[in-house]
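Examining the three-dimensional arrangement
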Amino acid sequence: METIFALASARGKAGVSVLRISGTEAFEAGQKLAGNLPQPRHSAVRVLKNAAGEALDEALVLTFAAGSSFTGEDTVELQLHGSIAVISAVLQELGAMAGLRLAEPGEFTRRALENERLDLAQIEGLGDLIEAETEAQRKQAFRVLSGALGQKAESWRTRLIRAAALMEATIDFADEDVPVDVSPEVLDLIDAVASELRIEAEGAIVAERIRDGFEIAIVGAPNAGKSTLLNALAGRDAAITSEVAGTTRDVIEVRMDLNGLPVTVLDTAGLRETDDLVEGLGIERALVRAEAADIRVFLQSSDHEFLGIHPKDDDITVLGKADISTSDGFAVSGKTGQGVSQLISRITAVLEQKASGAGAAIRERHRVAILNGIEALESARIEVCNGPDRAELAAEDLRTVIRALDSLVGRVDVEQILDEIFASFCLGK
């Protein structure tokens, strides 16, 4: 493959900028710029020069031999002064060298996959780590980048290969008396893996919420104080507030970080009977978004029944406008801040409980592959229970499961999803 290069740090002025060169010509290109290179996995300060011998910059030069670098190829990294002019001059000099070209977005990471430095799930974890905005997102992405899903997939794969081998042996000796009935061991392996896959499939839903953010819908009657509460939670005037009922006509969203968890708080239209067409559309949207939310905060007033929606187990019911209410019980006031911190604590406790069930599978692609594996395992179990005459069908079902699990880490052809994954990566990654 061609030797590639790109700026690996953010564009623009900076104290230090990192430029990466990877491929068979990397060391030669580094020598043309910096002269004598340091030994692999060592660093040294060198003056970088162009082909005419003119100094371009003084840089810290690091080298990594093939097999020990991020890409798995010979790699040179240059830590330059973060000047736009310096970066441009060095990139221009590299572009003029034969056999080198500018890397495409995500190409360094793609080579890491092709050289088996990372599996596909780890690459997705790396992409999530780059995009992480909260502590929970960082922890989850780093866990996947560290190979958590790949390790689980390998464990499932090893046991299923054992089960498939036992069924293959039954096929091979179909015309002979097999001294041992392998079906109990095969069924134990199938049941154990299926149980773990079901847990992982459930955890994938939670993990995806950590990636994309949990949704909390504030619902209640018109003029119950929903928009004022949203503004108090956001710490700014995100929604228009008014004493006039029905001010909120559409769903207003505010992104927040609650104890490291990404959250989108939704202010919805007040729920009531109305002849106003526009307000009615807003109420319909409110009901749809509220039903789909992870938690609903019901702002209750003493004389109002919630229209078309009822609290679920994890939902929170609280009295609104505590500054003017005389009712007993847990109450909040977005206007004065009364009860807001306690409400945040309650919401956070519920979300942390939900987040504790997150698995190593973090994307819908992972969940679908796992569900396909579960379906094939259930079919395999039926065939094993039907006796030795169905061993061939059971073995094929087990191979189907193995292929589904192999797709998690990129062992099988997943070319159709690679372009989508790498399209989100920046040029120097």
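For the structure itself, consult the block above.
The structure reproduced in this document is the subject of the present report. (Residues numbered from 1 in each chain as written. Predicted model: local features only at pLDDT ≥ 70, side-chain atom pairs only at ≥ 80, totals over all residues. Heavy atoms only, no water.)

**Quick look at the nonpolar core**
Among the nonpolar cores identified, the biggest contains 38 residues, and L160, M167, V186, L197, L377, L398 and L408 are the most heavily contacted of them. Elements supplying a minimum of two residues to this core: α6 (148-172), α7 (183-212), α11 (364-385) and α12 (391-409). (Core = buried A, V, L, I, M, F, W, Y, C linked by side-chain atoms within 4.5 Å. Buried < 20%, exposed > 50% of the residue type's maximum accessible area, 1.4 Å probe, protein only. Helix = DSSP H or I, 4+ residues; strand = E, 2+ residues; numbered from the N terminus.)

**Considering the packing of α7 against α11**
Across the interface, α7 lies against α11 with an axial gap of 9 Å and an inter-helix angle of 160°. Considering the angle they form, α7 stands roughly antiparallel to α11. You can see that α7 and α11 cross each other, and the crossing is left-handed. Residue composition of the contact of α7 with α11, grouped by class: 16 nonpolar, two polar and eight charged. (Axes fitted to C-alpha atoms, helices over the stretch in contact; angles between N-to-C directions. Parallel < 35°, antiparallel > 145°, perpendicular 65-115°, else oblique. Left-handed = near helix turned anticlockwise from the far one by under 90°. Nonpolar A, V, L, I, M, F, W, Y, C, P; charged D, E, K, R; others polar.)

**Here's the deal with the sheet that holds strand β11 (residues 316-319)**
Ordered by their spatial adjacency, five strands build an open sheet running β8-β9-β7-β10-β11, and the pairing between neighbours is mixed. For this open sheet the edge positions go to β8 (252-258) and β11, each flanked by a neighbour on one side alone. Sheet twist, expressed as the average angle between the axes of neighbouring strands with direction ignored, equals 25°. Bridge count between strand β7 (residues 214-220) and strand β9 (residues 261-267): five bridges; the pairing is parallel. Within β9, the residue paired with A217 across the bridge is L266. With respect to the sheet, α7 is in contact with β7, β8 and β9, its orientation differing from that of β7 by roughly 80°. Sheet contacts for helix α10 (residues 340-355): β7, β8, β9, β10 (295-300) and β11; angle to β10, the most-contacted strand, approximately 155°. (Pairing = 2+ DSSP bridges. Contact = heavy atoms within 4.5 Å.)

**Comments concerning the side chain of E215**
For E215, the location among the structural elements is in strand β7. Look at E215 and you get buried, because its relative accessible area is 17%. Of note is the side chain of E215, whose polar atom sits 3.0 Å from the side chain of R289. Setting aside residues no more than four positions away along its own chain, E215 makes contact with R209, T264, L266, R289, A293, D294 and I295. (Polar contact = N/O pair within 3.5 Å; in protein donor to acceptor, adjacent residues only side chain to side chain.)

**A few points about helix α4 (residues 120-131)**
Helix length check: α4, at twelve residues, gives a terminal C-alpha distance of 17 Å against a target of 16 Å (1.5 Å per residue), a fit within 8%. Most of α4 is tucked away, with nine of its twelve residues classed as buried. The N-capping residue of α4, defined by a side-chain oxygen 3.0 Å from the backbone nitrogen of A121, is D119. (Expected span 1.5 Å × (residues − 1).)

**As for the sheet that holds strand β5 (residues 75-82)**
Taken in spatial order, the six strands make up an open sheet running β3-β4-β5-β2-β1-β6, and their pairing is mixed. Of all the strands in the sheet, just β3 (43-49) and β6 (100-102) have a single pairing partner and so form its edges. Going across the sheet, the axis of each strand differs from the next one's by a mean of 30°, ignoring polarity. Summarising the sheet, strand β1 (residues 3-7) and β6 pair through three bridges and their orientation is parallel. Of the residues in β6, the one forming a bridge with F5 is L102. Sheet strands touched by helix α2 (residues 84-95): β1, β2 (14-22), β3, β4 (55-64), β5 and β6. Its angle to β5, the strand with the most contacts, is close to 150°. Relative to β1, helix α3 (residues 107-114) is tilted by about 135°, and along the sheet it contacts β1, β2 and β6.

**Topic: the packing of aromatic side chains**
Tallied over the full model, the rule gives zero aromatic pairs. The side chain of R20 reaches across the aromatic face of F108, ending 5.1 Å from its centre. (Phe/Tyr/Trp six-rings, centres within 6.5 Å; stacked < 30°, edge-to-face > 60°. Lys NZ or Arg CZ within 6 Å of the ring centre and 35° of its normal.)

**Focus: the pairing of β3**
Note that β3 and β4 share seven bridges and pair antiparallel. Paired with V47 across the strands is E58, a residue of β4. Once β3 ends, the chain turns through five residues before running back antiparallel as β4, passing G53 with a positive phi of about 85°.

**Some points on helix α1 (residues 26-34)**
Along α1, the residues classified as buried are A26, A29, G30, L33 and A34. End-on view of α1: buried residues confined to an arc of 110°, all on one side of the axis. Backbone geometry just downstream of α1 places G35 in the positive-phi region, at approximately 75°. (Arc of directions from axis to C-beta.)

**With respect to the pattern of salt bridges**
Following the criterion strictly, the structure yields 31 salt bridges and no others. Salt-bridge contacts for R111 lead to E107; the nearest nitrogen and oxygen are separated by 3.5 Å. Of the two residues, R111 and E107 both sit in helix α3, four residues apart, roughly one turn of that helix. Of the two residues examined, R111 and E107, each falls in the buried class. The partner of E114 in a salt bridge is R110, with the nearest N and O atoms 3.9 Å apart. (Salt bridge = Lys/Arg side-chain N within 4 Å of Asp/Glu carboxyl O.)

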